[in-house]
Structure formats: C-alpha cells, structure tokens
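Notes for the structure review
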Amino acid sequence: MAEIPVNSIQFSEELIRIIRSATHILVLTGAGISAESGIPTFREAQTGLWAKYNPEDLATPESFQRNPRLVWEWYTWRRDLIQKAIPNPGHLALAVMEKLVPNFHLITQNVDNLHRIAGSQNIIEFHGNIFQTKCSYEDIIIESWPETRDIPPRCPRCNHFLRPNVVWFGESIPQQAITSAINCIQNCEVFFSIGTSSLVEPSASLPLTARLQGSVIIEINLEHTPMTYLADFVLKGPSGKILPGLIANIWPQFYPQDTNFSSSKS
Ligand code: BJW
C-alpha cells in the first residue's frame, strides 16, 4: 500500500491556529513515542515490556533488594535493545518544533535518550536515564567501576550494588525535574500528552495541572486514556505520523511537501 504523505493528514483550522500562535508549549512523552523506534512499551498485553513479568518484580527498590541480579540483567537487556534504536519521525518532529516555538520544553518519562539524540535540548527527564548508573546506597552517579564477576557490579566507593539511574515505583521523581516541570506548566499555553497511558503518577496528573491553569490540552495516542476526557484535541494515531504531519501543516514555509522526516544512524 502507498505511504500517505505526512502533509496530507487533515487537522482542524482551530488546532493549527492555536499551535501556530503559541509562544509557550510543553510536551509530555511516554513509551508510545519510542514504539516506532522498536522499543516495546510497558503495558501492552502481548508485546509490552511487562508481558512476562509483574512490574513489582522489576521496577521497585524492593525487587532490587530481593533479586538484584534479575533486575540488573533486565536493564542490561533493555539497554542493549535501546542502544540499537534510532529516533523516529515523531522524535525528530519535536526537535524541529523546539526550534520554531519561542518557549518549548519537553518532559519525558522515557529513559531511552532518544529525544536528545533527535536534537531536542530543553528536556526534563522525569524517570531518569537508563545509560546512567548510580550507587544504590549513596544515590550518586558512578561513571566507571572495576570489572569483576559481580552482577550487579559493586560501587568502587562503598562496595554496595550499582543500579540504573531510573525512578522505580515508590521512589521520588528527581527534585529538579519536578521544579522545572512546575515552572514550565505555569506558563504553558499548549500542553501535548503523547504516547503515554496516563496511568503512572505524578506524570499522569501533569495534563490536569496544565488544564487548571488554562492550557489547551492535545493528546496524541493510538488509544483512549484516562486523560482523553480532558483533552481539547484528541489526535488518534501513531505519533511518528501525526507529529510530522502537524509540523508540515503549521509551518509549511519551513516544511514543504518534500520534507524528509526519516532518520538515519550516524
Ligand atoms: C502510542 C504508540 C504510538 C503506543 N503513537 N501512542 C497517586 C495515586 C496512585 C498511585 C500513586 C500516586 N502517586 C504515586 C503513586 C505510586 C506510583 C504510581 O503511579 N502507581 C500507579 C501504577 C498507580 N508512582 C510512583 O511511585 C512514582 N513516584 C512518586 O510518585 O513518588 C512520590 C510517592 C512515592 C510513593 C507513594 C506516594 C508518592 C514513581 C513512578 C516511577 C515509574 N517508573 C517507571 C519505570 C522507569 C524505569 C524504566 O524504564 O524501567 O516508568 S514505570 C513505567 O511507567 C515507566 C514509564 O515511564 C511509566 C509510564 O508508562 P508510559 O510511558 O505511559 O507507557 P505505557 O506502556 O503505559 O503506555 C504507552 C502508551 O503509548 C499507550 O497508551 C499506547 O496506546 C501508546 N502508544 N504506540 C502514539 N506509535
């Protein structure tokens, strides 16, 4: 079947006008934006990352205490998978939007670094970064450690286990990420919620906070979520198609017919 050109996707005139005139835009992304880069989401029944495991067995401090090896190996497997992935047209479109909107910030729940690789700069990492490692005891980033047979490896400073620098259930979101998110929400005119199931707090409440201070809410997702009722505009479909389509419609002078949103690994 022939590919539908991104700029032939239809968007309402009102949506185009609102985004084009906005000076403060805040975007929240979840696992769905990276799905088209081949990274499984969390909660999809058959293919999601937790299809075989209970999240409480993998993404809590208690599970790490119970079975540090299992948790470390799960993250090693995921890091290898993510390392092979490249940003998709959805990531690239957001990097382009950042250049065209005077105040643009991106809160991501993803730990995969793909927004940064795509060229986004004002990124708030809510749930950490899988490529960073920290000491499970001292809670500080550790850049390198001696090779031993220990799995997980041990902290060279205090000999406790190392762990990925990600936020597990029951742990706090990094204070700086919370502060930055609150600051951005206070001024935001348009809030995008993209590729997230809106089930995990506190990120799930960010659209509501934005709505209460007057932002226009736009949701992009394959499915309805608990936040859909709140959205002023619901764009149902893959973010890797919708976002480039939106950019091509709003700023055609920058993104004419033949814009190539495809990506390549350097
Ligand atoms: C597409 C698509 C395509 C697919 N295009 N779309 C208040 C009420 C109730 C509970 C709590 C509460 N406050 C705190 C809690 C507890 C807990 C929580 O929220 N539990 C819920 C399960 C109810 N939250 C916490 O513990 C948080 N900490 C905290 O709040 O600290 C203070 C505190 C502590 C204790 C008590 C009270 C307060 C921390 C949450 C940390 C979440 N960590 C994880 C793991 C990160 C590391 C890792 O990657 O391994 O973060 S869990 C996992 O879920 C991961 C994700 O970032 C996060 C969100 O998932 P996401 O991104 O939405 O993915 P999916 O798979 O759910 O959805 C994908 C979506 O994409 C779907 O909708 C698809 O349709 C869509 N999609 N392809 C567009 N092409």
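Another aspect to go through is helix α4 (residues 68-83). An α-helical segment advances 3.6 residues per turn. Residues three or four places apart therefore align on the same side. An ideal rise of 1.5 Å per residue puts 22 Å on 16 residues; α4 measures up with 22 Å between its terminal C-alpha atoms. Every buried residue belonging to α4 is among Pro68, Val71, Trp72, Trp74, Tyr75, Arg78, Arg79 and Ile82, and all of these are buried. The buried residues of α4 occupy one face: seen down the axis, they fall within an arc of 160°. Among the structural elements, α3 (61-66), β4 (128-135) and β5 (162-166) are those in contact with the buried residues of α4.

Each assigned domain of the chain is listed here: domain 1 (4-38 + 87-127 + 173-261) and domain 2 (40-84 + 130-166). Between the C-alpha centres of domain 1 and domain 2 there is a distance of 28 Å. With 11 residues of domain 1 at the contact, the number on the domain 2 side is 11 residues. Between domain 1 and domain 2, a total of about 800 Å² is buried, with carbon and sulfur atoms accounting for 66% of that surface. One can count 0 salt bridges joining domain 1 with domain 2. Connecting domain 1 to domain 2 are 1 residue pair in polar contact (both at pLDDT 80 or more). Its residues placed into classes, the side of domain 1 that touches domain 2 shows 5 nonpolar, 5 polar and 1 charged.

With that settled, consider the nonpolar core. Soluble globular proteins: nonpolar side chains tend toward being buried together. Counting 31 residues, the largest nonpolar core has Ile19, Ile25, Phe192 and Ile218 as the members making the most contacts within it. Elements with a contribution of two residues or more to this core: α1 (13-21), β1 (24-29), α5 (89-100), β2 (103-108), β6 (190-194), β7 (216-221), β8 (233-236) and α9 (239-250). Setting aside its immediate chain neighbours within four residues, Ile218 contacts Leu15, Ile19, Val190, Phe191, Phe192, Ser193, Phe233 and Leu235. Membership of the second largest hydrophobic core comes to 17 residues, among which are Ile185, Cys188, Phe191 and Leu206.

Calculation notes
Residues numbered from 1 in each chain as written. Predicted model: local features only at pLDDT ≥ 70, side-chain atom pairs only at ≥ 80, totals over all residues. Heavy atoms only, no water. Helix = DSSP H or I, 4+ residues; strand = E, 2+ residues; numbered from the N terminus. Expected span 1.5 Å × (residues − 1). Buried < 20%, exposed > 50% of the residue type's maximum accessible area, 1.4 Å probe, protein only. Arc of directions from axis to C-beta. Contact = heavy atoms within 4.5 Å. Domains from an automatic or database assignment. Buried area = accessible area lost by both parts, 1.4 Å probe. Salt bridge = Lys/Arg side-chain N within 4 Å of Asp/Glu carboxyl O. Polar contact = N/O pair within 3.5 Å; in protein donor to acceptor, adjacent residues only side chain to side chain. Nonpolar A, V, L, I, M, F, W, Y, C, P; charged D, E, K, R; others polar. Core = buried A, V, L, I, M, F, W, Y, C linked by side-chain atoms within 4.5 Å.

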